[in-house]
Amino acid sequence: MASSFQIHCPWMEIAHSLPHLIENHQLRSQVNKMPLLSSQYLKGHRELYLAHLVLSYITMGYVWQDGEKGTAKVLPQNLAIPFVEISRVLGLPPILVHADFVLVNWKKRNPCGPLEIENLEPIICLPGGASLRGFILVTFLVEKAAAAGIKAVPQVVNGMLQPDNRILEEALQDVASSLRDMARVLKKMHDYVDPAIFYGVIRIFFSGWKDSPALPEGLIYEGISDKPLVYSGASAAQSTTLHTFDELLGIQHCRESTTFLHRMREYMPPHHQAFIEEIQSLPPLRSHVLSSGKEKLCSAYNMCVAALSDLRTYHIAMVTKYIISAARNAKAKPSESTSPNPPSFLEERGQVAPGF
Ligand code: HEM
């Protein structure tokens, strides 16, 4: 019997040629020829996540193939119906999310080799060549660096609830070291991602259709709803990592940022959201540390807050380089810009957070 992905292979075939089809403005006609396939043959979470990844990339290419002026207003039913069905099963929105873009979109070149950038490859790509590859893989490696800190979270909780100050202090040290590691890995972005390509070519493909001047009413998912649906685009603000550390440490953001960050949680896999809610429901760690009166514990907690703050400060420097300065350069020297028309509706604004 044929495997389900052999049955669904038209999706895979198109997805593997996305950069070429988009650059040649042929993706829409290819998608329009695609048969309407049922998603019911997909088995298990691996196939379902792979299908969401593939259909989300095809969707972003379909909508943005012709840039901001030639946006598609309707997603054809042969793409919209299976994408929405699979999204419902996974509890994800029918748009590219961080989990698609980064968390499931990698494979090892040599299966026995290390989980390092030289041995990694995205499964599905969009235009942007080496810079797109670098953006996906460096972000993936930042997530990998966060894993040790996330694993330390249950230890922090044990140390607090038992209570055992030694366990708590060690676990907090692990969290701080993981946050420092994330910042160290984030710096690799400079080696792999060209700001002009990021700004002029790559960014538009993560853009959503909520509060978007290019799609002010949203996108019609044919066969699903006659009214346009609105969804935010992909952003690492949908990564579970910093949400978890914020909740653990009791970090409070201003009201506007809190609203935005909470909205981004709706774009995470449901089990990620549940994990964050679990941390949120715990007794406050900060009060526990303060009331313990233990200097070493306070200092371990403070190290975590400092490392998280340093990571965010560095991230703002990245936003400046890859968006604000890149926008100015593209405007000042349009002839040198890699893309003839960097999308004007995204100038100096976040993907999903206007005015960020
Ligand atoms: C070229 C690199 C990057 C740029 C230009 C960039 C840009 C942005 C922008 C514009 C936002 C505002 C929200 C939005 O509109 O999407 C944002 C938010 C965010 N980004 Fe990035 N980002 C980059 C890489 C990363 C990486 C590698 C991570 C780590 C996983 C990350 C984590 C976050 C988080 C957690 C937020 C939410 C705000 C916060 O919690 O501080 N970003 N980013």
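Residues numbered from 1 in each chain as written. Predicted model: local features only at pLDDT ≥ 70, side-chain atom pairs only at ≥ 80, totals over all residues. Heavy atoms only, no water.

The protein chain appears in an unreviewed UniProt entry as Indoleamine 2,3-dioxygenase 2-like isoform X1 from Podarcis lilfordi.

Asker: Hey, could you run me through the overall build of the protein chain in this one?
Answerer: In terms of helices and strands, the protein chain carries 16 helices and 4 strands. Relative to the compact-globule value of 21 Å for 356 residues, the protein chain shows a C-alpha radius of gyration of 21 Å, a close match. If you line up the protein chain on its principal axes, its C-alpha atoms span 65 × 55 × 45 Å. Expressed as a percentage of the 356 residues in the protein chain, the buried residues total 51%. Across the protein chain, every contact between residues at least 6 apart in sequence was considered, and the portion connecting residues at least 24 apart equals 76%. In the structure as shown, the protein chain presents an accessible area of about 16700 Å², 54% of it carried by carbon and sulfur atoms. For the protein chain, the centre of its 33 positive side-chain charges and the centre of its 33 negative side-chain charges are spaced 2 Å apart. (Helix = DSSP H or I, 4+ residues; strand = E, 2+ residues; numbered from the N terminus. Rg over C-alpha atoms; globule rule 2.2 N^0.38 Å. Buried < 20%, exposed > 50% of the residue type's maximum accessible area, 1.4 Å probe, protein only. Contact = heavy atoms within 4.5 Å. Areas by Shrake-Rupley, 256 points an atom, 1.4 Å probe, with all protein chains shown as cover. Lys, Arg positive; Asp, Glu negative; His and termini not counted. Charge placed at Lys NZ, Arg CZ, Asp CG, Glu CD.)

Asker: How do you make sense of the side chain of Ser87 when you look at a structure like this?
Answerer: Structurally, Ser87 is set in helix 6 (residues 77-90). Residue class for Ser87 comes out buried when judged on its relative accessible area of 2%.

Asker: Quick question: what am I supposed to make of the UniProt feature "binding site: heme b" (unreviewed entry) in the protein chain here?
Answerer: Within this numbering scheme, the UniProt entry marks His315 as carrying the feature "binding site: heme b" (unreviewed entry). By the element assignment, His315 lies in helix 16 (residues 295-332). (UniProt positions renumbered as here; feature names shortened; annotations may be inferred.)

Asker: Where do I start with the side chain of His243 in this structure?
Answerer: Within the secondary structure, His243 is located in helix 12 (residues 240-249). A distance of 3.0 Å separates a polar atom in the side chain of His243 from a polar atom in the side chain of Arg265. Once residues lying within four places of it in the same chain are set aside, the contact partners of His243 are Ala237, Leu261, Arg265, Met268 and Ile276. (Polar contact = N/O pair within 3.5 Å; in protein donor to acceptor, adjacent residues only side chain to side chain.)

Asker: Is there a simple way to think about the pattern of salt bridges in this case?
Answerer: Proximity of charged atoms lets side chains of opposite charge pair with each other. Within the structure shown, the criterion is met by 9 salt bridges. If you follow the salt bridges from partner to partner, you end up with Arg109, Glu121 and Arg133 in one network. (Salt bridge = Lys/Arg side-chain N within 4 Å of Asp/Glu carboxyl O.)

Asker: Honestly, the packing of helix 11 (residues 195-202) against helix 16 in this entry has me stumped. Any pointers?
Answerer: In a pair of packed helices, the angle between the axes and the distance between the axes together describe the arrangement. Where helix 11 meets helix 16, the axes come as close as 9 Å, and the angle between the chain directions of the two elements is 80°. The angle between helix 11 and helix 16 places the two elements in the roughly perpendicular class. Contacts between helix 11 and helix 16 involve Pro195, Phe198 and Tyr199 from the first element and Lys321, Tyr322, Ile323, Ala326, Ala327 and Ala330 from the second. Residue composition of the contact of helix 11 with helix 16, grouped by class: 8 nonpolar, no polar and 1 charged. (Axes fitted to C-alpha atoms, helices over the stretch in contact; angles between N-to-C directions. Parallel < 35°, antiparallel > 145°, perpendicular 65-115°, else oblique. Nonpolar A, V, L, I, M, F, W, Y, C, P; charged D, E, K, R; others polar.)

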